Protein chains: 2
Amino acid sequence: MTSQKSSAGMIAASGRKPADKVAARAPQRERGRARVAALLAAASEVFAENGYDAATMTEIAARAGASIGSLYQFFPTKELIAEALHAQYSDDFAAMLAGLAPRVAGKPGATLADVLFRDLSGFLTAHPAFVVLADRRDIDKKRKKKTHARLRGQIAALLAQADPPIAPARAEALAVIVLHLLRSAVAIAGEDDLPHRAAVLEELRAMLRRHLAAA
Amino acid sequence: MTSQKSSAGMIAASGRKPADKVAARAPQRERGRARVAALLAAASEVFAENGYDAATMTEIAARAGASIGSLYQFFPTKELIAEALHAQYSDDFAAMLAGLAPRVAGKPGATLADVLFRDLSGFLTAHPAFVVLADRRDIDKKRKKKTHARLRGQIAALLAQADPPIAPARAEALAVIVLHLLRSAVAIAGEDDLPHRAAVLEELRAMLRRHLAAA
DNA sequence: GCCTTATATGAGGCTTGGCTCATGTTTTGG
DNA sequence: CCAAAACATGAGCCAAGCCTCATATAAGGC
């Protein structure tokens with residue numbers, strides 16, 4: 001699974017709960033933490049396999065080896081477990097981007113394209129639930145905007161410090177495109193009955209590379 | 001709305017129904033045809049606004065000014081009305097591609113990129129339900145494969161007859177990419193709270209143009 | 001006019017799935 | 001060891017939504 005603490009922080013801030021705003025209950029004991037981890041792992045599988053709507057709380061609980069009541073102990077709504085998972089992946093993804101920054105600073109655009117394409121689409125492919133959750137329609141607008149802005153900003157920052165540096169405004173636009181290209185890559189990778197899958201992905205990578213290589 | 005006959009043909013082939021395979025009942029009288037048209041138009045709106053899962057048969061009927069029973073008269077399942085709509089859009093899209101062919105034959109790749117980007121993403125933006133229905137997870141595998149293969153083939157054919165002609169194998173790969181780029185374009189166009197939307201779309205178009213321009 | 005077939009209607013059957021709650025069991029602090 | 005808090009359990013409540021059906025009404029064909 002992905003990092004534990006990153007999302008543990010997202011679950012019910014330590015102090016007072018503001019009003020009675022529904023939030024995930026944070027586990028207090030070791031057993032609880034293990035449960036939460038198992039539940040999140042199970043949810044990740046079920047969401048990835050069935051999508052958000054078709055995923056059922058009953059199956060998530062079952063796959064985690066927990067009762068339905070135990071699931072609701074920590075995640076009072078289906079929406080909340082989706083949010084917790086999404087926040088976790090989001091943080092992990094951001095962390096990966098941050099780790100990438102020092103390694104690619106000052107490199108030419110083409111190299112940047114290769115690295116982004118390989119590492120980021122690798123992450124998304126390894127965590128299909130992330131894409132599912134990020135794409136769902138009924139996601140909270142505010143949260144979505146913030147998450148998206150953060151990722152865009154990080155990618156734009158990487159692009160801005162390429163060898164022939166890219167102007168910030170253009171880097172922002174390119175970041176949006178990179179994100180969409182990655183989703184396409186994941187979709188292509190997961191498509192069944194697609195001949196020459198590898199060739200298509202290679203072509204996609206080449207396209208981005210060529211575009212970033214050109215000033 | 002889109003062409004009527006294209007999907008009228010998809011609704012319950014004229015002869016015997018093979019076994020008792022559930023299929024949309026074809027209207028026999030004028031009143032019925034009007035109903036079907038209204039129902040499809042309503043379904044298109046509701047699917048586009050809410051997605052397949054969240055769309056309800058009750059709302060589709062209401063928006064068409066019909067009773068729920070009347071809706072089920074012509075479309076015995078939710079799945080069937082989705083299929084009918086999707087088939088209609090699919091045919092219309094294919095028709096548009098066919099109409100494009102003579103107009104772009106022998107033109108350079110860059111021009112082709114511009115035309116494809118403008119006309120096709122225009123079509124998708126004008127018919128958002130098409131994208132929603134094409135993307136839904138529980139779509140019939142066989143049907144999806146066929147539809148996809150047809151569109152890919154048509155786009156590949158356009159690319160193959162560009163001025164410096166593109167080899168068929170590569171054209172097929174590029175066709176897959178073009179389809180995905182178009183979906184990205186529609187997504188970007190529909191994204192709210194996205195600064196510089198126009199600039200992003202322009203960048204996307206430029207990327208495809210550059211890639212197709214290079215041999 | 002009359003019979004047949006197409007179309008219209010909406011109350012309700014029925015399943016699914018999110019969620020609650022009363023009743024346990026385990027763990028911890030003192 | 002014991003009380004309190006954390007955690008576990010699963011039967012079942014409940015709303016939503018797909019779909020059926022008995023009962024109309026409109027529209028041809030003769």
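Predicted model, so just to flag it, every value in this text is computed and none were measured. (Residues numbered from 1 in each chain as written. Chains lettered and ligands numbered in written order. Predicted model: local features only at pLDDT ≥ 70, side-chain atom pairs only at ≥ 80, totals over all residues. Heavy atoms only, no water.)

1. Here's the deal with the overall build of chain A
Of the regular secondary structure elements, chain A holds ten helices and zero strands. Reading chain A from its N end, one meets helices and strands in the order α-α-α-α-α-α-α-α-α-α. In chain A, the proportion of contacts linking residues at least 24 apart, taken out of those at least 6 apart, comes to 68%. When the accessible surface of chain A is split by element, carbon and sulfur atoms take 57% of a total near 10300 Å². (Helix = DSSP H or I, 4+ residues; strand = E, 2+ residues; numbered from the N terminus. Contact = heavy atoms within 4.5 Å. Areas by Shrake-Rupley, 256 points an atom, 1.4 Å probe, with all protein chains shown as cover.)

2. A few points about a negative patch on the surface
A cluster of like negative charges, contributed by Asp-53 and Asp-138 of chain A together with Asp-53 and Asp-138 of chain B, occupies part of the molecular surface. By the element assignment, Asp-138 of chain B lies in the loop between α7 (128-135) and α8 (141-160). When its relative accessible area of 46% is taken as the criterion, Asp-138 of chain B is described as partly exposed. (Patch = residues over 30% accessible without salt bridge, like charges linked within 9 Å, V, L, I, M, F, W, Y side chains within 5 Å. Salt bridge = Lys/Arg side-chain N within 4 Å of Asp/Glu carboxyl O. Lys, Arg positive; Asp, Glu negative; His and termini not counted. Charge placed at Lys NZ, Arg CZ, Asp CG, Glu CD. Buried < 20%, exposed > 50% of the residue type's maximum accessible area, 1.4 Å probe, protein only.)

3. Regarding the confidence of the model for chain A
Within chain A, residue pLDDT values average 91, and 90% of them lie at 70 or more. Note that pLDDT drops below 50 for residues 1-19 of chain A; the model gives that stretch 30 contacts with residues more than four away or on any other chain. (pLDDT = per-residue confidence, 0-100.)

4. Some points on the protein's contact with DNA strand C
Neighbouring residues of DNA strand C: 20 residues in total, closest Met-57 and Lys-78 of chain A together with Gln-28, Arg-35 and Ser-70 of chain B. Among the atoms of DNA strand C close to the protein, meaning within 4 Å, 67% are from sugar or phosphate groups. Within the backbone of Ala-55 of chain A, one N or O atom sits 3.1 Å away from a phosphate oxygen of DNA strand C. The backbone of Lys-78 of chain A places a nitrogen or oxygen atom 2.8 Å from a phosphate oxygen of DNA strand C. Of all elements in the fold, only α4 (68-74) of chain A together with α2 (30-54) and α4 (68-74) of chain B reach the threshold of two or more residues within the surface near DNA strand C. Residue contributions to the surface near DNA strand C peak at five residues, all from α4 of chain B. Each residue belonging to the surface near DNA strand C can be placed in one class, and the counts come to seven nonpolar, eight polar and five charged. (Near = heavy atom within 4 Å. Polar contact = N/O pair within 3.5 Å; in protein donor to acceptor, adjacent residues only side chain to side chain. Nonpolar A, V, L, I, M, F, W, Y, C, P; charged D, E, K, R; others polar.)

5. So, the environment of Gly-153 of chain A
When you line up the elements, Gly-153 of chain A lands in helix α8 (residues 141-160). Along the chain, Gly-153 of chain A and Ala-175 of chain A lie 22 residues apart, while their C-alpha atoms are 7.6 Å from each other.

6. So, the interface of chain B and chain A
Each partner contributes to the interface: chain B provides 35 residues, whereas chain A provides 35 residues. Across the interface of chain B and chain A, roughly 3000 Å² is buried in total on both sides, 62% from carbon and sulfur atoms. We note a salt bridge from Arg-170 of chain A to Glu-203 of chain B, for which the minimum N-O separation is 2.3 Å. For the pair chain B and chain A, the interface holds ten residue pairs in polar contact (both at pLDDT 80 or more). Elements with a minimum of two residues in the side of chain B that touches chain A: α2, α8, α9 (168-190) and α10 (197-213) of chain B. For the side of chain B that touches chain A, the leading source of residues is α9 of chain B, giving ten residues. Across the side of chain B that touches chain A, the residue classes break down as 17 nonpolar, six polar and twelve charged. (Buried area = accessible area lost by both parts, 1.4 Å probe.)

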